[in-house]
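Listed here are the chains, written in short residue letters.
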Amino acid sequence: RQYTGVELAPILENLRLLDQLGASITLRCPIIPGYNDREEHFSRLGEITHELRAVMRIDVEPYHPLGVSKERWLHLPPRMQPPALPSQEAAREWAARIARYACVPVQIA
């Protein structure tokens, strides 16, 4: 919530509703070094694929600084200290770690 400005509960409720309606879901997951690049986050993403039948794949989205310029343009205070850009190797490692928990394909977006 600190970095996104929203609670997780409504997002999960919406995913469950989409699942009940039979929608095809792609989980697009930004990974930010030092913030959510941890095993607990990766395992929870995988658990979601076991809970919801409609999840077809997970797209791992490595951090990029585009939101930083948007915050400046909107005159918003920064929500976080921008981390260094992750390497392709780090992105591949994140995808592999998530794939260990998931029952759907995991790819780098």
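## Some words on empty space enclosed by the protein
The gaps of empty space that remain are located by a probe, the size of a water molecule, rolled over the atoms.
Here is step 1: Tallied over the full model, the rule gives one cavity of 30 Å³ or more.
Here is step 2: Taken as a whole, the largest cavity encloses approximately 40 Å³ of empty space.
Here is step 3: Forming the walls of the largest cavity are L12, L15, R16, R44, I48, E51 and L52.
Here is step 4: At the level of elements, helix 1 (8-21) and helix 2 (39-51) are the ones that each hand at least two residues to the lining of the largest cavity.

## Observations regarding the side chain of S43
Here is step 1: Among the structural elements, S43 can be located in helix 2.
Here is step 2: Of note is the side chain of S43, whose polar atom sits 3.1 Å from the backbone oxygen of E40.

## Digging into the sheet that holds strand 2 (residues 55-62)
Here is step 1: One open sheet holds the three strands; their spatial order is 1-2-3, and the pairing between them is parallel. Of all the strands in the sheet, just strand 1 (25-31) and strand 3 (106-108) have a single pairing partner and so form its edges. For this sheet, the mean inter-axis angle between neighbouring strands, taken without regard to orientation, is 25 degrees.
Here is step 2: Where strand 2 meets strand 3, three bridges bridge the pair, whose relative direction is parallel. What sits directly across from V60, in strand 3, is I108.

## Examining the side chain of D19
Here is step 1: As for its placement among the helices and strands, D19 is situated in helix 1.
Here is step 2: No salt bridge is formed by the buried D19; its nearest oppositely charged neighbour, R53, is found at 4.2 Å.
Here is step 3: Excluding residues that lie within four positions of it along the chain, D19 makes contacts with I25, E51, L52, R53 and A54.

So, how was this worked out
- In this convention, every chain numbers its residues from 1, walking through the sequence in written order.
- Two thresholds apply to this predicted model, a pLDDT of at least 70 for residue-level local features and 80 or more for giving and counting side-chain atom pairs, whereas whole-chain, interface and lining totals are computed over all residues.
- Note that the side-chain values use all heavy atoms of the structure and ignore hydrogens as well as water.
- Cavity: a set of points on a 1 Å grid over the protein atoms alone where a 1.4 Å probe fits but cannot get out. Pocket: an open set with protein on both sides within 12 Å along at least five of seven lines, its lining residues, like those of a cavity, having an atom within 4 Å of a point.
- Grid points are joined across faces, edges and corners, and a volume is the space filled by probe spheres set on the points.
- Helix and strand labels come from DSSP, where a helix needs a run of H or I of at least four residues and a strand needs a run of E of at least two; each type is numbered from the N terminus.
- Here a polar contact is taken to be a pair of N or O atoms separated by no more than 3.5 Å, where protein atoms must pair a possible hydrogen donor with a possible acceptor and residues adjacent in sequence count only if both atoms sit in side chains.
- For two strands to be treated as a pair, DSSP must find at least two bridges joining them.
- Think of each axis as a best-fit line through the C-alpha atoms, taken over the contacting stretch in the case of a helix, with angles from 0 to 180 degrees between the N-to-C directions.
- Relative accessibility decides the category of a residue: with a 1.4 Å probe and only protein chains considered, values under 20% of the type maximum give buried, values over 50% give exposed, and everything between is partly exposed.
- Residues scored as positive are Lys and Arg, those scored as negative are Asp and Glu, and His as well as the terminal groups of each chain are ignored.
- We define a salt bridge as a contact between a side-chain nitrogen of Lys or Arg and a carboxyl oxygen of Asp or Glu at a distance within 4 Å.
- Contact definition: two residues touch when any of their heavy atoms are within 4.5 Å.

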